[in-house]
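Analysis of the macromolecular model
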There are 2 protein chains.
Amino acid sequence: MPNPRLFSLKSESIPRATIQRLALYVQVLEDLQREGSDVISSESLAKACDVNPSQIRKDLAYFGEFGVRGVGYYIQDLIASLKRCLGIDHTWKTVLVGVGNLGRALLNHKEFKLRGFEIIGAFDCDPFKIGEEVSGLEVMCTKRLMEKSHELGVEIGIITTPPERAQRAANHLVEAGIKGILNFAPARITVPEHVVLEYVDFFHHLYSVAFNITLAQQK
Amino acid sequence: MPNPRLFSLKSESIPRATIQRLALYVQVLEDLQREGSDVISSESLAKACDVNPSQIRKDLAYFGEFGVRGVGYYIQDLIASLKRCLGIDHTWKTVLVGVGNLGRALLNHKEFKLRGFEIIGAFDCDPFKIGEEVSGLEVMCTKRLMEKSHELGVEIGIITTPPERAQRAANHLVEAGIKGILNFAPARITVPEHVVLEYVDFFHHLYSVAFNITLAQQK
DNA sequence: CGGATTTTGTGAATAATGTAACAAAAGTGG
DNA sequence: CCACTTTTGTTACATTATTCACAAAATCCG
Ligand SMILES: NC(=O)c1ccc[n+]([C@@H]2O[C@H](COP(=O)([O-])OP(=O)(O)OC[C@H]3O[C@@H](n4cnc5c(N)ncnc54)[C@H](O)[C@@H]3O)[C@@H](O)[C@H]2O)c1
Ligand SMILES: NC(=O)c1ccc[n+]([C@@H]2O[C@H](COP(=O)([O-])OP(=O)(O)OC[C@H]3O[C@@H](n4cnc5c(N)ncnc54)[C@H](O)[C@@H]3O)[C@@H](O)[C@H]2O)c1
């Protein structure tokens, strides 16, 4: 029988890598669910995620007990539990700053909503872009970020400005009372202690590919 | 005096995290160079990258000695050395499969070339997209991937198809003799041992933001 | 030229993370 | 209802990564 007990943190600090893997588990579990699976063992899930089975059990153990011994994990319940653990059991109100090439692609991406992030505002400083409609949103002037954010109760900001503008965009977001920032611009930025900051840098991954090819060729 | 000796691997296996940081160092060093700096100590660079100074010295030590004691690192030389270490001292011929929202944004992104990756082919399976010109490239049918790749000597493939098509795209790329793949689709794929594979998943980072906000709120 | 100063490169110490092993729980079938 | 199987949760162990601490090199300056 499923065992959806309340999630409670057991340990003080959870490895960053664990969080990344939990996100992966959710993704893979949702695929499995779509394929009609019902229950899965840590071993099978491990194979699908390309990690060690003990790793999965240990990752889950940071948050509680979600499985049934001798049986495995009920996929639907595990997804729900993991989402609660990650804080995506509800929808996060999100805004995007910098409606360029990448910003547009993100705004048009329908999956954000499904995954728990609703983009409810798009901001740019280019007067030619302000007023334009992108994916059902009217692009607004960055100056109105504070006013609008408070009005809408925004929690997360996505930065897709050029790198030299990333800090300024971050400052606006912080002023607007945002709680977390995802920065796509390849520039280090600084924010107050209480604001959560994450970077996405495609090039780091590309460099990694290049390095590993070079390595393979050398030996 | 600068000390640009030939790069030679010292240790067998280099931590994955080190590679990610080397990429970060290059990015930050290039910014510093643009701002007119000439020499930098591991301590200052560490501050700019938000890591520990010993960490930097140790990361570099995997590849050789690049600094001058009592002075620091000559930025220009260090950038060149790091690029050689990472295998981006030359341009990698790259193709992109899946010319949708994201694919288009990437094709329009001018920085790829500057950073050592030239996108020389764009492929899609949608007959309405084939023949279209995007950022100076004619979109070609995925079926021609093999033929074209060999002709052009392609080394790296970028996948931006929907997740359910990612495996198929990967198969085509592998057939075409590609050496490495960067997959933006949120789907695990399998490739032969000799092909280097990396994933980029925005949502994992967003989940991480959500988790850390939740964590901060709880305590 | 030599002592003071700086900062690297590195081995040792510490901390974090990942893996293996196994006892405890749940289910199964005679 | 009791062995038997399965698979979790957890402890103990192994590996890997990070930080510390300091000797060795380079420069600077009197
Ligand atoms: N396009 C890609 O595929 C890609 C890939 C990797 C990284 N990136 C990074 O993502 C960022 C955006 O890339 P892009 O290709 O969309 O660039 P872009 O130039 O097309 O778009 C940037 C947008 O930001 C707006 N902007 C500038 N300053 C602003 C400010 N202070 N406030 C609000 N808006 C502001 C500009 O008006 C423009 O619309 C860049 O930092 C880039 O390096 C992009
Ligand atoms: N758009 C975003 O901002 C965003 C963000 C995160 C992740 N992603 C992921 O990136 C991928 C692409 O996203 P998108 O928004 O560009 O989707 P999209 O639907 O706009 O584009 C996908 C493209 O791939 C093409 N395609 C489908 N099957 C193919 C095949 N077998 N060979 C070649 N081409 C094929 C389609 O014709 C289409 O042009 C998706 O997997 C998505 O989940 C996108």
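Rules of the game
Residues numbered from 1 in each chain as written. Chains lettered and ligands numbered in written order. Predicted model: local features only at pLDDT ≥ 70, side-chain atom pairs only at ≥ 80, totals over all residues. Heavy atoms only, no water. Domains from an automatic or database assignment. Least-squares fit on C-alpha atoms with pLDDT ≥ 70 in both. Contact = heavy atoms within 4.5 Å. Near = heavy atom within 4 Å. Polar contact = N/O pair within 3.5 Å; in protein donor to acceptor, adjacent residues only side chain to side chain. Areas by Shrake-Rupley, 256 points an atom, 1.4 Å probe, with all protein chains shown as cover. Helix = DSSP H or I, 4+ residues; strand = E, 2+ residues; numbered from the N terminus. Nonpolar A, V, L, I, M, F, W, Y, C, P; charged D, E, K, R; others polar. Pairing = 2+ DSSP bridges. Axes fitted to C-alpha atoms, helices over the stretch in contact; angles between N-to-C directions. Salt bridge = Lys/Arg side-chain N within 4 Å of Asp/Glu carboxyl O.

**Topic: the domain arrangement of chain A**
What the domain assignment reports for chain A is domain 1 (16-85) and domain 2 (92-203). Domain 1 of chain A and domain 2 of chain A are separated by 31 Å when their C-alpha centres are compared.

**A closer look at the relation of the copies chain B and chain A**
Of the two same-sequence chains, chain B is brought onto chain A (RMSD 0.0 Å, axial shift 0.0 Å) by a rotation of 180°. These values place the two chain copies in the arrangement generated by a two-fold rotation axis. If distances are taken from each C-alpha of chain B to the rotation axis, the shortest is found for Ala105 of chain B, at 3.3 Å. Taken together, the interface assignments show that 98% of the residues at the interface of chain B recur at the interface of chain A, consistent with an identical surface on both copies.

**Some remarks on the site of ligand 1**
Around ligand 1 lies a shell of 23 residues, among which Asn101, Leu102, Asp124, Lys129 and Thr161 of chain A are the nearest. Contact between ligand 1 and Leu102 of chain A: an oxygen atom at 2.8 Å from a main-chain N or O atom of the residue. With respect to ligand 1, the backbone of Cys125 of chain A contributes an N or O atom lying 3.4 Å from a nitrogen atom. Protein contacts shield 88% of the accessible area of ligand 1, which totals 820 Å² for the unbound molecule. Listing elements by their share of the shell around ligand 1, those giving two or more residues are helix 5 (101-107) and helix 8 (163-175) of chain A together with helix 5 (101-107) of chain B. By residue class, the composition of the shell around ligand 1 is twelve nonpolar, seven polar and four charged.

**Focus: the site of ligand 2**
Lining the immediate environment of ligand 2, one finds 23 residues, of which Asn101, Leu102, Asp124, Lys129 and Thr161 of chain B sit closest. More than one chain lines the surroundings of ligand 2; the residues nearby belong to chains A and B. Measuring from a nitrogen atom of ligand 2, one finds a side-chain N or O atom of Thr142 of chain B at 3.3 Å. Protein burial of ligand 2: of its 820 Å² of free accessible surface, 88% is covered by the chains. Contributing elements (two or more residues each) for the shell around ligand 2: helix 5 of chain A together with helix 5 and helix 8 (163-175) of chain B. Partitioning the shell around ligand 2 into residue classes produces twelve nonpolar, seven polar and four charged.

**A closer look at the sheet that holds strand 6 (residues 137-141) of chain A**
Strand pairing in a sheet takes place through backbone hydrogen bonds and is either antiparallel or parallel in direction. Spatially, the seven strands line up as an open sheet ordered 5-6-4-3-7-8-9 (chain A), and their pairing is mixed. Each having just a single partner strand, strand 5 (133-134) and strand 9 (196-199) of chain A make up the two edges of the open sheet. Packing of helix 8 of chain A onto the sheet brings it into contact with strand 3 (92-97), strand 7 (156-159) and strand 8 (180-183) of chain A, and relative to strand 7 of chain A it is tilted by some 165°. Here helix 9 (residues 202-218) of chain B sits on the sheet and contacts strand 3, strand 4 (117-124), strand 7, strand 8 and strand 9 of chain A; the angle it forms with strand 9 of chain A, its principal contact strand, is near 165°.

**Some thoughts on the pattern of salt bridges**
Residue and element names in this part refer to chain A. Here the structure, examined in full by the defined rule, presents 20 salt bridges over all chains. Two residues, Glu155 and Lys179, come together in a salt bridge whose shortest N-O distance is 3.6 Å. Here the residue Glu155 occupies a position in the loop between helix 7 (145-152) and strand 7, and Lys179 occupies one in the loop between helix 8 and strand 8, the gap between them amounting to 24 residues.

**Considering the protein's contact with DNA strand D**
Close to DNA strand D lie 25 residues; Ser42, Arg57 and Tyr73 of chain A together with Arg21 and Arg69 of chain B are nearest. Counting only atoms of DNA strand D within 4 Å of the protein, the sugar-phosphate share comes to 74%. A distance of 3.0 Å separates a phosphate oxygen of DNA strand D from a polar atom in the backbone of Gly67 of chain A. Interatomic distance of 3.0 Å between a backbone N/O atom of Gly70 of chain A and a sugar or linking oxygen of DNA strand D. Contributing elements (two or more residues each) for the surface near DNA strand D: helix 3 (53-61) of chain A together with helix 3 (53-61) of chain B. Sort the elements by how many residues they give to the surface near DNA strand D and helix 3 of chain B lands first, with four residues.

**Notes on the protein's contact with DNA strand C**
Taken together, the neighbourhood of DNA strand C is formed by 27 residues, with Arg69 of chain A together with Ser42, Arg57, Gly70 and Tyr73 of chain B sitting nearest. In DNA strand C, the atoms that sit within 4 Å of the protein are 65% sugar and phosphate, with bases accounting for the remainder. In this structure, a phosphate oxygen belonging to DNA strand C sits 2.6 Å away from a main-chain N or O atom of Ser42 of chain B. A distance of 3.0 Å separates a sugar or linking oxygen of DNA strand C from a polar atom in the side chain of Arg69 of chain B. Residue assignment for the surface near DNA strand C shows that the elements contributing at least two residues are helix 1 (16-34) and helix 3 of chain A together with helix 3 of chain B. Here the surface near DNA strand C gets four residues from one element, more than from any other, and that element is helix 3 of chain A. Of the residues belonging to the surface near DNA strand C, the class tally is ten nonpolar, eight polar and nine charged.

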